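Observations on the model geometry
Each chain, written out:
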Amino acid sequence: MKSPESSIEPVKTHCPYCALQCGMTLTPGAPVVVGPRDDVPANAGGALCQKGWTAAELLTHRDRLTTPLLHGEPASWGEALDYVAGRLRALRAEHGPDSVAVFGGGGLTNEKAYQLGKFARVALGTSQIDYNGRFCMSSAAAASIRAFGMDRGLPFPVTDLAQAEVVLMAGANVAETMPPFVRHLPRLIVIDPRRTATARLAWLHLQPAPGTDLALALGLLHLVIAEGLLDKGYIAERTTGFEAVRTSLASWWPERVERVTGVPVARMRQAVHALAGAAKAVVLTGRGVEQHAKGTDTVTAFINLALALGLPGRPGSGYGCLTGQGNGQGGREHGQKADQLPGYRKIDDPAAREHVAAVWGVRPEDLPGPGRSAYELLQALGTPEGPRALLLFGSNPVVSAPRSLAVAERLRSLDLLVVSDLVMSETAALADVVLPTTQWAEETGTMTNLEGRVLLRRKAAEPPPGVRSDLQIIQGLAVRLGHRFAAEPREVFDELRRASAGGIADYSGITYERIEAETGVFWPCPSPGHPGTPRPFLDSFATPDGRARFVPVEHRAPAEETSEDYPVYLTTGRVLAQYQSGAQTRRIGPLVEAAPESFVELHPSLAAHLEIDAGDRVRVTSRRGSAEGVARITDAIRPDTVFMPFHWEGANRLTNPALDPTSRMPEFKVCAVRLEAVR
Ligand SMILES: Nc1nc2c(c(=O)[nH]1)N[C@H]1C(S)=C(S)[C@@H](COP(=O)(O)OP(=O)(O)OC[C@H]3O[C@@H](n4cnc5c(=O)[nH]c(N)nc54)[C@H](O)[C@@H]3O)O[C@H]1N2
Ligand SMILES: Nc1nc2c(c(=O)[nH]1)N[C@H]1C(S)=C(S)[C@@H](COP(=O)(O)OP(=O)(O)OC[C@H]3O[C@@H](n4cnc5c(=O)[nH]c(N)nc54)[C@H](O)[C@@H]3O)O[C@H]1N2
Ligand code: SF4
Ligand SMILES: [Mo]
C-alpha cells in the first residue's frame, strides 16, 4: 500500500478552523499544499478565506512541539504519562475524584470530545469537566432548547439561505468570521455597534449600544404587533405561550427602545416591515448578542420575533445561530460539557445515565453528576474547594477566558497542569507537563459543522516523529489508570454512535463510508437506512407537544455600566486574519502581515476628547486590569464604545466574567473601561 506521502492524489478534507468547515483538498508532500474543493455546499465553488489557504503552514512550522516536556525539560512519552498518571492517582487518593478536572474545546473532533467526556467520567470519575464552548455557543444553545426542544445551530442547510428574501443578522460579522458564508446571503439587515465589513454589505444597519439588543428585539416585536404584522395562523398552529409574551412587551414602545438602544424608530420600522413583507426570511444570531450575562434571554427575544413572524420550521425561513468553532456543534453534543452525556443527553436524566453507562460498561450510579461550568471551573482551580489538577485539550484560556489575569493565577496555583497542544500556547507555557499532539491533517476524525452536517476530515500527512494524537494520549493515561480505551478514530466513532443512539443528537446511522459517499450526513440519523435530517423542524418542533415555545423575557442593563472612572464601553471580537487565541494563526507569516498586533478601534470624537491620534499606543483599563493596543480611529464605531480583538493576550484582562444565569456564558461583549494614550 502507498503511504499518504508517496501518493500525489489530493485528499478531500476540511479546514482546521471555523464552523463553516469549508471543503479543501490537501496534496501530500513537503510542503502539503491546500487546494480548492468544490463539492462542499458551505463553500461551493471552493472559496476559502486567508486562514484556510495558509492552514498547512503550521504542519511543518518550527514552533511545532515534538517532544513531551516535564517541568520544562524534554521527556519520553513513558516518563511524561507515568508522571501524570502517578500524580492523578495520588491526588485522587488524597482529595477524591473531583480534585482532578478536565477542560476541552470545540475545535476537537467528535471522537476526541466523546473520549474526553468518557475519560473524565469513567477513568477519572470526576464531575469536573467543561470546555470552551461555554464561552461560545452556550447562550444560543440554551435559548434554542427552551424554544424548540433542541439545539442544532442552523436547523437547515446553509444553501437554504439563498431562498430567503431577507436575513436579519444580529451580532455576527460573517464577512470576517466566515467569509465564504456571505455568498449565501440575500438582502441583509445587520445589528452591530460597529459598521463592520458585514454591515457594509447590508441593506439596513442598526447600530445599538453594546448590551442593549434585548431591548431592541423587544421593540421590534412590539412593532410587529402594533403594526399588525403577526402571523396569527402560525402562532395558533405551531406555538404556545404567545399571550404572555404579548403582555410582557406592552411597555417597550419604540421611542423608549430608541432611548435605550440608540437605534432610530424609523430604522426599527424598516426592519420589521422588510422581515414581515418577505415571503421567506431568516433571523440569525452570533456572539455579539449571545456573549452577555443575558445572552440566553436576548436570543430568546430574537426567537420570539422569528416565531411571531411565522419563520421557524418553514422551508427557506427560520431562526439559526451561527456556531463558531470548527466542531462547535459536535463539541457540544458528546459529553465534554459539564451537564451532558453523549447524544446531547442530560447527565441528570436517569434514562440517559443508564443508556450511556451500559455502553461504557459501568454502573449508572458510578457516573458522576454535573460539575462546574467553564469559568466557574477555572475560577475554582487551586482553591480549597476546587480541583488541584487540570488536564487541558484544545483551548488557550490564558488568552481567551474572561478576567484572564485571575485565570492565569488560578492555573499557576494548581498542583498539576497538563496541556496537550501543537504549539507552546500561553497556557501551555504555564504547564507542568506539555504533551505534543497531532494536527488536523495528521489524523482522521469527524466534525459537525454549523448546519449539523457530520463531515469527515481525512489524514493527509504523517505527524512529525514524537507527536501523538489526543486519542492516543487519552488512551495512554487511561491504561495507566486501569482502563481500556480505543485510540483509533473509527473505533471511537463506532462507540460514539452507540452511545448517542436514541439521544437528541443521534449519530447511530452515520458511518465514515456514508459521510464520504454523501459529502456529510445531518443528525439526527437514527439508523443506517435513515437519510439524515437536514431540516428537523418542518413538521414539528422537538418539544413534548411538537410546538415551539414563546418565552417572555425582560431587558436589563449590562452587568457593568459606565461610570465616571470607566466612562466608555469596551466590546471585543474578531478580525479576518486571526483565529481565536491566536496560538495557531499568530505564527503564520501572511496572517501576521495582515493582522500584526492588537488594536483599539475608537470614534474620532472620542479620540479627540482623549487627545489620542491614529497610531498612538493606547492603554485600556477596566476594574480587572489593563491592556494596550494601537489606536485605529474610525467613525464606523459608536462614540460611546471601543473595540478590541481578543486574539492577542491583553483584551481579556479587561473583560467582565459576569455569567448568564442559564448558560453560564461570560459577558465578553460589554464592560466599562477608560483609555489613555501611552507616551
Ligand atoms: N477570522 C476569524 N473567524 C472566526 C473566528 C476567529 O477567531 N477569527 N472564530 C470562530 C468562532 S469560535 C466564533 S464563535 C465565530 C464568531 O463569529 P462572530 O459572532 O461573527 O464574531 P465576533 O467578532 O465575536 O462578534 C460579531 C460582532 O458582534 C459585534 N458586537 C459586539 N458587541 C455587540 C453587542 O452588544 N450587540 C451586537 N448586536 N453586536 C455586538 C462586534 O462588533 C462584532 O462585529 O467566528 C468563528 N470564525
Ligand atoms: N474577549 C473575548 N474573549 C473570547 C471571545 C470573544 O469574542 N471575546 N470569544 C470566545 C469564544 S467564542 C471562543 S470559541 C474562545 C476560543 O478560545 P480558545 O478556547 O482559547 O480557543 P483556541 O484559540 O482555538 O485554542 C485552541 C488551542 O488548542 C490548540 N489546538 C488546536 N487543535 C488542537 C487539537 O486537535 N488538539 C489539541 N490538544 N489542541 C489543539 C491550539 O494550538 C490552541 O492553543 O474564546 C472566547 N474568548
Ligand atoms: S471560512 Fe472558516 S472554514 Fe472556511 S476557510 Fe475560513 S476559517 Fe476555514
Ligand atoms: Mo467561539
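Residues numbered from 1 in each chain as written. Chains lettered and ligands numbered in written order. Predicted model: local features only at pLDDT ≥ 70, side-chain atom pairs only at ≥ 80, totals over all residues. Heavy atoms only, no water.

Considerations on the overall build of the protein
Scanning the protein for helices and strands turns up 23 helices and 30 strands. Reported as C-alpha extents along the three principal axes, the dimensions of the protein are approximately 70 × 65 × 55 Å. Within the protein, the fraction of its 679 residues that count as buried is 65%. The long-range share in the protein, meaning contacts at least 24 apart out of those at least 6 apart in sequence, stands at 72%. Carbon and sulfur atoms make up 50% of the accessible area of the protein, which totals about 22,800 Å². (Helix = DSSP H or I, 4+ residues; strand = E, 2+ residues; numbered from the N terminus. Buried < 20%, exposed > 50% of the residue type's maximum accessible area, 1.4 Å probe, protein only. Contact = heavy atoms within 4.5 Å. Areas by Shrake-Rupley, 256 points an atom, 1.4 Å probe, with all protein chains shown as cover.)

Description of the domain arrangement of the protein
According to the domain assignment, the protein consists of domain 1 (11–60), domain 2 (69–135 + 327–522), domain 3 (139–322) and domain 4 (568–677). Computed over C-alpha atoms, the centres of domain 1 and domain 3 are 32 Å apart. Across the boundary between the two partners, domain 1 contributes eleven residues, which contact ten residues of domain 3. Buried surface at the junction of domain 1 and domain 3, both sides included, amounts to about 710 Å², of which 73% is carbon and sulfur. The tally of links between domain 1 and domain 3 comes to zero salt bridges. Seen at the junction of domain 1 and domain 3, the total is two residue pairs in polar contact (both at pLDDT 80 or more). A breakdown of the residues in the side of domain 1 that touches domain 3 according to their chemical character gives nine nonpolar, one polar and one charged. (Domains from an automatic or database assignment. Buried area = accessible area lost by both parts, 1.4 Å probe. Salt bridge = Lys/Arg side-chain N within 4 Å of Asp/Glu carboxyl O. Polar contact = N/O pair within 3.5 Å; in protein donor to acceptor, adjacent residues only side chain to side chain. Nonpolar A, V, L, I, M, F, W, Y, C, P; charged D, E, K, R; others polar.)

What to know about the site of ligand 3
For ligand 3, the full set of nearby residues is Cys-15, Tyr-17, Cys-18, Gln-21, Cys-22, Leu-48, Cys-49, Lys-51, Gly-52, Met-178, Pro-179 and Pro-180. In terms of residue class, the shell around ligand 3 is made up of nine nonpolar, two polar and one charged. Residues from two domains meet in the shell around ligand 3; each of domain 1 (11–60) and domain 3 (139–322) gives at least three. (Near = heavy atom within 4 Å.)

Here we look at the site of ligand 2
The immediate surroundings of ligand 2 are formed by 29 residues, with Asn-132, Ser-400, Asp-421, Asp-470 and Ser-581 found nearest. Between an oxygen atom of ligand 2 and a side-chain N or O atom of Ser-400, the distance comes to 2.7 Å. For ligand 2, a nitrogen atom lies 3.2 Å from a polar atom in the side chain of Arg-574. For ligand 2, whose free accessible area comes to 920 Å², the fraction covered by protein is 95%. Along the lines of polarity and charge, the residues of the shell around ligand 2 split into eight nonpolar, 16 polar and five charged. A domain-level breakdown of the shell around ligand 2 finds at least three residues from each of domain 2 (69–135 + 327–522) and domain 4 (568–677).

Some words on the nonpolar core
Residues Phe-148, Phe-302, Leu-305 and Tyr-319 are the most contacted members of the largest nonpolar core, which totals 87 residues. Ranked by residue count, the leading element in this core is helix α7 (residues 213–226), at ten residues. Among residues more than four places away in sequence, those in contact with Tyr-319 are Ala-140, Ser-144, Phe-148, Pro-155, Phe-156, Val-283, Thr-285, Val-299, Ile-303, Ala-306 and Pro-312. In this structure, Cys-22, Leu-154, Phe-181 and Ala-441 belong to the second largest nonpolar core, which totals 55 residues. (Core = buried A, V, L, I, M, F, W, Y, C linked by side-chain atoms within 4.5 Å.)

Let's talk about the sheet that holds strand β20 (residues 453–457)
Read from one edge to the other, the open sheet built from three strands follows the order β19-β20-β21, with strand pairing classed as antiparallel. Strand pairing shows two members of the sheet lacking a second neighbour, β19 (445–448) and β21 (521–522), which therefore form its edges. The sheet strands contacting helix α3 (residues 110–124) are β19 and β20, and the helix crosses β19 at an angle near 95°. (Pairing = 2+ DSSP bridges. Axes fitted to C-alpha atoms, helices over the stretch in contact; angles between N-to-C directions.)

Things to note about the side chain of Glu-451
Within the secondary structure layout, Glu-451 lies in the loop between β19 and β20. You can call Glu-451 buried: its relative accessible area is 1%. At a separation of 2.7 Å, a polar atom in the side chain of Glu-451 contacts the side chain of Asn-449.

Looking at the state of the cysteines
Enumeration according to the criterion identifies zero disulfides in this entry. Cys-321 forms no disulfide, and the closest cysteine sulfur to it belongs to Cys-136, at a distance of 8.1 Å. (Disulfide = S-S within 2.5 Å.)

Some remarks on the environment of Arg-412
Summarising the element assignment, Arg-412 is placed in helix α17 (residues 404–412). Exposure remark for Arg-412: the relative accessible area of 57% places this residue in the exposed category. Through-space distance from the C-alpha of Arg-412 to that of Ala-431 is 8.1 Å; in sequence the pair is 19 residues apart.

A look at α17
All of the buried residues along α17 are Ser-404, Val-407, Ala-408, Arg-410 and Leu-411. Seen along its axis, α17 keeps its buried residues to an arc of 160°; they face one direction. Its buried side turned inward, α17 meets α15 (374–380), β16 (389–393), α16 (397–400), β17 (416–421) and α23 (651–654). (Arc of directions from axis to C-beta.)

Considerations on the pairing of strand β12 (residues 281–285)
Counting buried positions over the five residues of β12 gives five, a clear majority of the element. Every second residue of β12 is oriented toward a common face, with Ala-281, Val-283 and Thr-285 on one face and Val-282 and Leu-284 on the other, all of them buried. Inspection of the sheet shows strand β8 (residues 166–170) paired to β12 by five bridges, in the parallel sense. Considered in β12, the bridge of Ala-170 is made with Thr-285.

Describing the pattern of salt bridges
Counted by the stated rule, this structure contains 41 salt bridges. Arg-195 is the partner of Asp-635 in a salt bridge, and the nearest nitrogen-oxygen pair spans 3.0 Å. Of the two residues, Asp-635 is situated in the loop between β26 (625–633) and β27 (641–645) and Arg-195 in the loop between β9 (187–191) and α6 (197–201); the sequence distance between them amounts to 440 residues. Classification of Asp-635 by relative accessible area gives partly exposed; the value is 47%. Note that Glu-513 and Arg-490 form a salt bridge whose closest N and O atoms lie 2.7 Å from each other.

Points about the environment of Glu-593
Locating Glu-593 in the fold gives a position in helix α21 (residues 589–594). For the pair Glu-593 and Ala-577, spaced 16 residues apart in sequence, the C-alpha to C-alpha distance is 9.0 Å.

Quick look at the side chain of Glu-601
Among the structural elements, Glu-601 can be located in strand β24 (residues 599–602). One polar contact links Glu-601 to Arg-194, side chain to side chain, over a distance of 3.3 Å. Excluding anything up to four places from it in sequence, Glu-601 contacts Arg-194, Arg-632, Thr-634, Ile-637, Thr-641, Val-642 and Phe-643.

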